[in-house]
Amino acid sequence: LGDVYKRQTENSIARLEIKGNKFEVIVDPEKAVYYKLKKGPWSDKIVKFDQVFKDFKKGERASSELLQKFFGTKDVYKIAKRIVDEGEVQVPSNLRKKLIEDNRKRIINLISRITYDPQTNIPIPTLRIEQALEKVGVSIDRFKEPEEQVKPVLQELKKILPFKVKEKEVELQCSNEVFRQVYSILNQFGDVVNQSAKKDLITLRVRVPEVSCTKFVQKIANTYGEKVKVSLL
């Protein structure tokens, strides 16, 4: 394992815990993170060392029996994909900063497309948004899609910057069975302006920032399919 330890500045640990059992694989941090961000396909080249560990730092490998029990396979690359998919990837500080800065720039650009001065109707310049963002000290999530962070960022910016937002209205119809989960998702993107119920059918009218609307509709559709009817108003 000597060479792997020497290259720890280039490699990272991806870790998944299942029923108290820890599983680790060594991955290329940039490739693994961009895969998790859905910016690239899975590739076995993401995995830098063809072993699954219980504890990499101690050099403890996971036994074949343990892998078969919890993953149903001994194939390192199939196991590694699941670990990266469902677990956490160690992100080096330089890559972490880059991801945060990339998301920050994208969020600023998105917000500049939908905000305007309420008195002049002139769009808010990106520089003004950037300066306001620095003052309120908004925390940017490096892994969340920028469209999913527009709402909380707007809420913070409103504390010091007067503006109006271009929004779209979306109507959702769902059963009581999925209502709580659907509400949790829509609350991340926008605000409920009207809610009604008829027997088991709940109808929600939601206002979503224009730049987040497509992502919101896609997330609802991908998560619930035909269980939720979505209509753009």
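Residue numbers restart at each chain and count upward from 1, following the sequence in its written direction. Residue-level local features of this predicted model are given only where pLDDT is at least 70; pairs of side-chain atoms are given and counted only at 80 or more, and the full residue set underlies all totals for whole chains, interfaces and linings. Only hydrogens and water are removed before side-chain values are computed, so all heavy atoms of the structure are retained for them.

A. Seen up close, the packing of aromatic side chains. Only rings of Phe, Tyr and Trp enter the pairing, Trp through its six-membered ring, and a pair is recorded when the two centres are within 6.5 Å. The plane angle decides the type: under 30 degrees is stacked, over 60 is edge-to-face, the rest tilted. On inspection of all chains with the given rule, the structure shows 7 aromatic pairs. Judged by centre distance (5.0 Å) and plane angle (80 degrees), the rings of phenylalanine 23 and phenylalanine 71 are edge-to-face. One end of the pair, phenylalanine 23, is in strand E2 (residues 21-27); the other, phenylalanine 71, is in helix H3 (residues 64-71), with 48 residues separating them in the sequence. For phenylalanine 23, a relative accessible area of 0% corresponds to the buried category. Three labels apply to residues, based on accessible area from a 1.4 Å probe with only protein chains included: buried if under 20% of the type maximum, exposed if over 50%, partly exposed otherwise in between. Accessibility expressed as a relative area gives 13% for phenylalanine 71, which makes it buried. On the numbers, 5.3 Å between centres and 45 degrees between planes, the contact of phenylalanine 189 with phenylalanine 216 is tilted. Starting at the N terminus, helices and strands are each numbered in turn, a helix being any DSSP run of H or I of at least four residues and a strand any DSSP run of E of at least two.

B. Local environment of the pattern of salt bridges. One speaks of a salt bridge when a side-chain nitrogen belonging to Lys or Arg is within 4 Å of a carboxyl oxygen belonging to Asp or Glu. Tallied over the full model, the rule gives 16 salt bridges. Residue arginine 15 pairs with glutamate 24 through a salt bridge whose shortest N-O separation is 2.7 Å. Close ionic contact of glutamate 134 with arginine 104 constitutes a salt bridge, the shortest N to O distance being 3.4 Å. Of the two residues, glutamate 134 is situated in helix H6 (residues 126-136) and arginine 104 in helix H5 (residues 93-114); the sequence distance between them amounts to 30 residues. You can call glutamate 134 exposed: its relative accessible area is 55%. Linked through salt bridges whose partners overlap, the residues forming this network are Arg15, Lys22, Glu24 and Asp55.

C. Focus on unusual backbone geometry. Positive phi, close to 50 degrees, is recorded for lysine 19, a residue that is not glycine. Along the chain, lysine 19 turns up in the loop between strand E1 (12-18) and E2. Looking at lysine 19, the relative accessible area reads 77%, which means it is exposed.

D. Quick peek at the side chain of glutamate 24. In this structure, glutamate 24 sits in strand E2. In protein, a polar contact requires one atom able to donate a hydrogen and another able to accept it; more generally it is a pair of N or O atoms within 3.5 Å, and residues adjacent in sequence count only if both atoms are side-chain atoms. Within the local environment of glutamate 24, its side chain forms a polar contact with the backbone nitrogen of phenylalanine 56, the two atoms lying 2.7 Å apart.

E. Highlighting the layout of surface pockets. Counted as a void, the largest pocket has a volume near 390 Å³. Think of a 1 Å grid over the protein atoms and nothing else: a 1.4 Å probe that fits but is trapped marks a cavity, an open set flanked by protein within 12 Å on at least five of seven lines marks a pocket, and residues with an atom within 4 Å of a point count as lining. Around the largest pocket, the lining residues are Lys36, Leu37, Lys38, Phe143, Lys144, Glu145, Glu148, Lys215, Gln218, Lys219, Asn222 and Thr223. Under this grouping Gly is polar, as are all residues other than the nonpolar Ala, Val, Leu, Ile, Met, Phe, Trp, Tyr, Cys and Pro and the charged Asp, Glu, Lys and Arg. Grouping the constituent residues of the lining of the largest pocket by class yields 2 nonpolar, 3 polar and 7 charged. Grid points are joined across faces, edges and corners, and a volume is the space filled by probe spheres set on the points.

F. Inspection of the sheet that holds strand E9 (residues 191-198) at higher detail. Read from one edge of the open sheet, 4 strands run E9-E10-E8-E11, paired in antiparallel fashion. Only two strands of the sheet have a single neighbouring strand rather than two, namely E9 and strand E11 (229-232). Averaged over all adjacent pairs, the angle separating strand axes in this sheet is 20 degrees, with direction ignored. Judged from the 4 bridges that link them, strand E8 (residues 167-175) and E11 form a sheet pairing that is antiparallel. In the strand pairing of E11, glutamate 171 is matched with serine 231. Pairing between two strands requires that DSSP report at least two bridges joining them. All axes are obtained by fitting lines to C-alpha atoms, using only the stretch in contact for helices, and the reported angles, taken between N-to-C directions, cover 0 to 180 degrees.

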